[in-house]
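Chain by chain, the residues run as shown.
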Amino acid sequence: MNDNIIEIGNDILKQVDIVEIVQSFIKVTKKGKDYVAICPFHNDTNPSLHISPEKQIFKCFVCGVGGNAIQFVKQFKNCSYVEALKTICQIAGIRDDRLERNTYSQSQNSDTKNILKCLNVINNYYNVFLFQTEEGKNSALKYLHDRGLDNNTIEKFKIGYSLLDNEKMANRLINDGFSLKTIEKTGIGTIYGQKIKDNNAGRVIFAITNEEGEVVGFSARQLVEDKERGKYINSPEIVGGVFHKSSILYNFYNAQLEARKNKYIYVVEGFMDAIALDRAGIKSVVATMGTA
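Counting of residues starts from 1 at the beginning of each chain's written sequence and follows it residue by residue. Local features in this predicted model are restricted to residues whose pLDDT is 70 or higher, and side-chain atom pairs enter the listing and the counts only when it is 80 or higher, whereas totals over whole chains, interfaces and linings include all residues. Based on all heavy atoms of the structure, the side-chain values leave hydrogens and waters out of the count.

S.K.: Before we go on, may I ask you to explain the overall build of the protein in this structure?
M.R.: Helix and strand counts for the protein come out as 12 helices and 13 strands. Overall size of the protein, expressed as C-alpha extent along the three principal axes, is 65 × 40 × 35 Å. Partly exposed residues are those whose accessible area sits between 20% and 50% of the maximum for their type, while under 20% is buried and over 50% is exposed, using a 1.4 Å probe and protein chains only. Expressed as a percentage of the 292 residues in the protein, the buried residues total 45%. Residue pairs at least 24 apart in sequence account for 56% of intrachain contacts in the protein once pairs closer than 6 positions are excluded. Here the protein displays about 15400 Å² of accessible surface, and carbon together with sulfur accounts for 46% of that area. In summary, the charge assignment counts Lys and Arg as positive and Asp and Glu as negative, without counting His or the chain termini. The atom standing in for a charge is NZ when the residue is Lys, CZ when it is Arg, CG when it is Asp and CD when it is Glu. Across the protein, the 37 positively charged side chains and the 34 negatively charged ones have centroids separated by 3 Å. Starting at the N terminus, helices and strands are each numbered in turn, a helix being any DSSP run of H or I of at least four residues and a strand any DSSP run of E of at least two. In what follows, residue pairs with any heavy atoms lying within 4.5 Å of each other are defined as contacts. Each accessible area is a Shrake-Rupley estimate made with a 1.4 Å probe; only the visible protein chains count as cover when residues are assessed.

Printed below as a string of structure tokens:
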């Protein structure tokens, strides 16, 4: 582990409350100035895990495990230091650009990183098209509002819109410095000549993220019925791409912390079903990527 990551970790620890972090995974009870809980690291029957808000540490007086918030998450999730930091930032609503630059897996090559970067830019454009163009506001945004989704929900679930002009997206991406090959590997379209046309044009866009919260693909829903094309179009699985349908559950990134805490998860069929349950306060919910 490099010194830069340790420095980031120390800075993040100054911004979080260990009680908030621990109770995102297990039930805690206030006892005097401290908190106690059933220890999740051994077969505990009486609350032997103590959490000190003053010292920002936890300690089990039976099995001996202890440390700060990062060490708790590492131990609980059996994950790396960096993954624990990312989880803590998610819980506490912290964004640290230094962490974002250091959290790509060592196994990701430069092509994969570039594809993920391009997908993130595409998702940002889809969001802009939804909220800041008359076309998006009058069609997709109206549809979403009519379905009961407010703007905060739309932002949380990374929902967007693809313009009817199916060449604008690729043109913007090329101007941003992405190659046609990288754009093709995101799955939004195929190179024809020296152009790529967005296959999602005129549709509501649901961003699909992996368990790290990175956009890896899209599912695009029709606004105008066209029986010759499916109601939903999912990103294709491309050699060298990052979208692998069989290994993805929609909303898993948002649901995983609540699921671990509650020890259960709801699995539903559709994206809108998952969003509806989340809006109703049931956060531990995921959707399958189709029924096939």
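S.K.: Explain the sheet that holds strand β10 (residues 215-221) here, please?
M.R.: The strands making up a sheet are joined through hydrogen bonds of the backbone, oriented either antiparallel or parallel. A pair of strands counts as paired when DSSP detects no fewer than two bridges linking them. A sheet is described by the order of its strands in space; here 4 strands give the open sequence β6-β9-β10-β11, paired in antiparallel fashion. Every interior strand has two partners, whereas the edge strands, β6 (159-161) and β11 (232-234), have only one. For this sheet, the mean inter-axis angle between neighbouring strands, taken without regard to orientation, is 30°. Here β6 pairs with strand β9 (residues 204-209) via 3 bridges, running antiparallel. Residue pairing for β9: I159 is matched across the bridge by F206. Contacts between helix α7 (residues 134-146) and the sheet are confined to β6, β9 and β10, with β6 contributing the most and set at about 145° to the helix. Angular values range over 0 to 180 degrees, each being the angle between N-to-C directions of two axes fitted as lines to C-alpha atoms, with helices fitted over their stretch in contact.

S.K.: When you look at the sheet that holds strand β5 (residues 66-67) in this model, what are you seeing that I'm missing?
M.R.: With antiparallel pairing, 5 strands are arranged side by side in an open sheet as β1-β2-β3-β4-β5. Strands at the two margins of the open sheet, each flanked by one partner only, are β1 (29-31) and β5. Bridging between strand β4 (residues 57-60) and β5 involves 2 bridges; their strand directions are antiparallel. Looking across to β5, one finds that K59 is bridged to G66.

S.K.: Mind showing me how you'd approach the nonpolar core here?
M.R.: Soluble, globular proteins show a tendency: their nonpolar side chains are buried together. Counting residues in hydrophobic clusters, the biggest one holds 50 residues, and the most contacted among them are I159, L173, F218 and Y250. Broken down by element, this core gets its largest block of residues, 11 residues, from helix α6 (residues 110-132). In these notes, a set of buried Ala, Val, Leu, Ile, Met, Phe, Trp, Tyr and Cys residues joined through side-chain atoms within 4.5 Å is what counts as a nonpolar core. Core analysis: the second largest hydrophobic core is formed by 35 residues, V16, F76, V82 and L257 among them.

S.K.: When you look at the side chain of R221 in this model, what are you seeing that I'm missing?
M.R.: Of note, R221 is situated in strand β10. Salt bridge, as used here, is a side-chain nitrogen of Lys or Arg placed within 4 Å of a carboxyl oxygen of Asp or Glu. Among buried Asp, Glu, Lys and Arg side chains, R221 stands out as unpaired, with E225 the closest opposite charge at 9.0 Å. N or O atoms within 3.5 Å of each other form a polar contact, as long as, within protein, one can give a hydrogen and the other can take it, and as long as residues adjacent in sequence are counted only when both atoms are side-chain atoms. Polar side-chain contacts of R221 include one of 3.1 Å to the side chain of Y143.

S.K.: Looking at this model, I keep getting lost on unusual backbone geometry. Mind explaining?
M.R.: With the exception of glycine, the majority of residues adopt a negative phi angle, and the majority of peptide bonds are in the trans configuration. Within the chain, Q56 stands out as a residue other than glycine whose phi angle is a positive 60°. In this fold, Q56 is placed in the loop between β3 (49-52) and β4. Backbone geometry at K158 places phi at a positive 55°, although glycine is not the residue there. Secondary-structure assignment places K158 in the loop between α8 (151-156) and β6. In this structure K158 comes out as partly exposed when scored by relative accessible area, which is 32%.

No statement about biological role is implied by the geometric values presented.
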